[in-house]
Amino acid sequence: MSLSALVRLPLVLARAALEILRGRLGALCWSLSPLSLSLHGWRRVSAPSPAVRAGPRREQERDEPSPTPTSVNYHFTRQCNYKCGFCFHTAKTSFVLPLEEAKRGLEMLKGAGMEKINFSGGEPFLQDRGEFVGQLVQFCKQELKLPSVSIVSNGSLIRERWFKKYGEYLDILAISCDSFDENVNVLIGRGQGKKNHVENLHKLRQWCREYAVAFKINSVINRFNVEEDMNEQIKALNPVRWKVFQCLLIEGENSGEDALREAEKFVISNEDFEQFLDRHKDVSCLVPESNQKMRDSYLILDEYMRFLNCRNGRKEPSKSILDVGVEAAIKFSGFDEHMFLKRGGKYVWSKADMKLDW
């Protein structure tokens, strides 16, 4: 070997060592910050800032035992075809996990104790015209054998062929309907040209009967519908549950400088909310949820499979369960199991156990 080659040898070895180190660091990057993944493969893009606050509260959470993810709400997409003014999970990204990665995360949750999964958005039927959520529903019921699989949708994109293909795997379909006055729906942001939201609601109700899917209605009570009397319409539709939410402000989502919505004009007082509930107290399927109940009694998983802590009035993400596992991530979820049980979060949620007249 020549003298010049001997002189260059240490440099060559050093460069080789650096390349190996760089490769290993690259493999760890997903653990340090979320990756965005295209549906056709992995690609690295700048990830959103977690905005996780450090401090004594978070140190205390680390010392507490991890809660069990009995019921999980997976918002796998933020994209939506409606523009509801009070929406608190807005289209801040267009990211959706590849199907196999989503399945991997769901399998991890099942291993950690998940019994119920609720797919939400955004609008879950936007992705691949409902095929994406359909395959997840089938996977959770057929492969993971979860007792309950549900979807929350605005209903505008659901077709009967979806029920024919995936209806047997779905326990509950919840349709969002905030008013039975179409003008109010348009004012809120649930209008879509000539389509009538209320008429579509009745069509979906019929399909749920025909394909043995439990039917549920979700309503957000706000300044534009708080005086409405919905007794007759709800009783006629006869859902298994009518979930009634008080309009909630979440900083960075529907309130504040960096928000995509300005929901302040929709907000009602606690007294207004109680009056609405009192007006509908004879509806047996009514399930009321105030702002306080919502903030810490839900396990919310975002599009990166990060738990979202809403205790401080904004959504603070944990690390992704795909990186650190369910037990480590859920400690920073802000989830209150006691409040979850107190608000009736666990109920007869498998259609096999429901006594329903399909």
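As shown above, the structure is provided for reference.
Residues numbered from 1 in each chain as written. Predicted model: local features only at pLDDT ≥ 70, side-chain atom pairs only at ≥ 80, totals over all residues. Heavy atoms only, no water.

Caption draft 1: Expanded view of the packing of helix 3 (residues 99-111) against helix 4 (residues 131-143). Running from amino to carboxyl end, helix 3 crosses helix 4 at an angle of 35 degrees, the nearest separation of the two axes being 11 Å. Where helix 3 crosses over helix 4, the two elements pack in a sense that is right-handed. Between helix 3 and helix 4, the residues in contact are Leu99, Ala102, Lys103 and Leu106 and Phe132, Gln135, Leu136, Phe139 and Cys140, respectively. Tallied by class, the residues present in the contact of helix 3 with helix 4 amount to seven nonpolar, one polar and one charged. (Axes fitted to C-alpha atoms, helices over the stretch in contact; angles between N-to-C directions. Helix = DSSP H or I, 4+ residues; strand = E, 2+ residues; numbered from the N terminus. Left-handed = near helix turned anticlockwise from the far one by under 90°. Contact = heavy atoms within 4.5 Å. Nonpolar A, V, L, I, M, F, W, Y, C, P; charged D, E, K, R; others polar.)

Caption draft 2: Structural detail: the nonpolar core. Counting 72 residues, the largest nonpolar core has Tyr74, Leu106, Ile117, Phe119 and Trp242 as its most contacted members. If one sorts the elements of this core by residue count, helix 4 sits on top with six residues. When neighbours within four sequence positions are excluded, Tyr74 is seen to be in contact with Leu97, Ala102, Leu106, Ile117, Asn118, Phe119, Ser120, Leu136, Leu301, Asp302, Glu303 and Met305. Counting residues in hydrophobic clusters, the runner-up holds 17 residues, among them Ile188, Phe245, Cys247 and Leu248. (Core = buried A, V, L, I, M, F, W, Y, C linked by side-chain atoms within 4.5 Å. Buried < 20%, exposed > 50% of the residue type's maximum accessible area, 1.4 Å probe, protein only.)

Caption draft 3: The side chain of Ser153, seen in detail. With respect to the helices and strands, Ser153 occurs in strand 5 (residues 148-153). Classification of Ser153 by relative accessible area gives buried; the value is 2%. In this structure the side chain of Ser153 is engaged in a polar contact, spanning 2.8 Å, whose partner is the backbone nitrogen of Gly155. With near-sequence residues (within four places) excluded, Ser153 lies in contact with Glu123, Pro124, Phe125, Ile158, Ala174, Ile175 and Ser176. (Polar contact = N/O pair within 3.5 Å; in protein donor to acceptor, adjacent residues only side chain to side chain.)

Caption draft 4: Layout of the pairing of strand 6 (residues 172-176). Judged by how many residues are buried, strand 6 sits mostly within the fold: five of five residues are covered. Handedness of the crossover joining strand 5 and strand 6 through helix 5 (residues 160-166): right-handed. Note: strand 6 against strand 7 (residues 214-221), five bridges, orientation parallel. Each bridged residue has a counterpart across the sheet, and for Ile175 the counterpart in strand 7 is Ile217. (Right-handed = clockwise from strand over helix to strand, strands pointing away. Pairing = 2+ DSSP bridges.)

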